[in-house]
Amino acid sequence: MNAVPTPRPGALQPPGALAPPEAVPPPGVAPSSGAPSSVAADGDAFRGDCPGRTVLDHVTSRRGVLILASLRAGPLRFYELRDRIGGISEKMLSQNLRVLVRDGLVDREVEPTVPPKVSYALTSLGRELSDPLQSLIDWIATRTPQIVAAQRCHDLSTPES
């Protein structure tokens, strides 16, 4: 009998991937409530209860992507991030930074000065993530004219309701 490879914890799995046997409750048995279930920890972001989906939401939110991409070049102060990301309110920036710090993707450093100077930088996890995010941003920048043309074509061919 061949052993089925067990995915590393937190790894995102493609849809339809088999979960390790210990992560699948027996038929008719619901995952336990309260403590995180082993099913939720199997790394299948297509499942609603997967913690990876929450991280995916944080990272791929409009502001999350822009914050992480802005920090690629190095640490920035709050106002520098705000100015770099056009159209983001201080409240939204603050909320998103808090989430990304909690996720371990961004580091918040407070210098003990009066007033305190706060800067933000990517952690090693955030730097690892920034390469594929930059590729996504570059792809969007390259393909935007084609996408806008497709949108116009679609809008012209779709009757208004």
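Note: the structure precedes this text.
Residues numbered from 1 in each chain as written. Predicted model: local features only at pLDDT ≥ 70, side-chain atom pairs only at ≥ 80, totals over all residues. Heavy atoms only, no water.

Trainee: Lay out the packing of helix α1 (residues 51-60) against helix α2 (residues 62-70) with the relevant residues and their values.
Mentor: The N-to-C vectors of α1 and α2 enclose an angle of 70 degrees; their axes lie 4 Å apart at closest approach. Taken together, α1 and α2 sit at an angle that is classed as roughly perpendicular. The residues of α2 that touch α1, namely those facing H58, V59 and T60, are R62, G64, V65 and L68. For the contact of α1 with α2, the class distribution of residues is three nonpolar, three polar and one charged. (Axes fitted to C-alpha atoms, helices over the stretch in contact; angles between N-to-C directions. Helix = DSSP H or I, 4+ residues; strand = E, 2+ residues; numbered from the N terminus. Parallel < 35°, antiparallel > 145°, perpendicular 65-115°, else oblique. Contact = heavy atoms within 4.5 Å. Nonpolar A, V, L, I, M, F, W, Y, C, P; charged D, E, K, R; others polar.)

Trainee: With reference to specific residues and values, describe the environment of I85.
Mentor: As for its placement among the helices and strands, I85 is situated in the loop between α3 (78-84) and α4 (90-102). Judged by its relative accessible area of 4%, I85 falls in the buried class. Along the sequence, I85 and R63 sit 22 residues apart, while their C-alpha atoms lie 8.3 Å from each other. Contact partners of I85, with chain neighbours within four places excluded, come to L66, I67 and S70. (Buried < 20%, exposed > 50% of the residue type's maximum accessible area, 1.4 Å probe, protein only.)

Trainee: Break down the sheet that holds strand β2 (residues 106-111) for me, citing the residues and quoting the values.
Mentor: The strand order across the open sheet built from three strands is β1-β3-β2, with neighbouring strands paired in antiparallel fashion. For this open sheet the edge positions go to β1 (76-77) and β2, each flanked by a neighbour on one side alone. Here β2 runs beside strand β3 (residues 117-122); their pairing, made up of six bridges, is antiparallel. Bridged to R108 within β3 is Y120. (Pairing = 2+ DSSP bridges.)

Trainee: Any chance you could break down the packing of α2 against α4 for me, citing the residues and the numbers?
Mentor: Following both chains from N to C, one finds α2 and α4 inclined at 75 degrees, their axes separated by 10 Å at the closest point. The orientation of α2 relative to α4 falls into the category roughly perpendicular. On α4, the residues that touch R63, G64, I67 and L68 of α2 are M92, L93, N96, L97 and L100. Per-class residue counts for the contact of α2 with α4 are six nonpolar, two polar and one charged.

Trainee: Let's hear about the nonpolar core: which residues, and what values?
Mentor: Within the largest apolar cluster, 18 residues are counted, with the highest numbers of intra-cluster contacts made by I67, L68, L71, L81, L97, V106 and Y120. Breaking this core down by element, the ones donating at least two residues are α2, α4 and β3. What L71 contacts, discounting residues up to four positions off in sequence, is L76, L81, V106, Y120, A121 and L122. (Core = buried A, V, L, I, M, F, W, Y, C linked by side-chain atoms within 4.5 Å.)

Trainee: A description of the side chain of N96 should follow, citing residues and the corresponding values.
Mentor: Relative to the helices and strands, N96 resides in helix α4. A relative accessible area of 15% means that N96 is categorised as buried. Residues within four places of N96 in sequence aside, it is in contact with S61, R63, G64 and I67.

Trainee: Could you give an account of unusual backbone geometry, naming the residues involved and the relevant values?
Mentor: Cis geometry is adopted by the peptide bond preceding P115, which originates at V114 and carries an omega value of -10 degrees. One can find P115 in the loop between β2 and β3.

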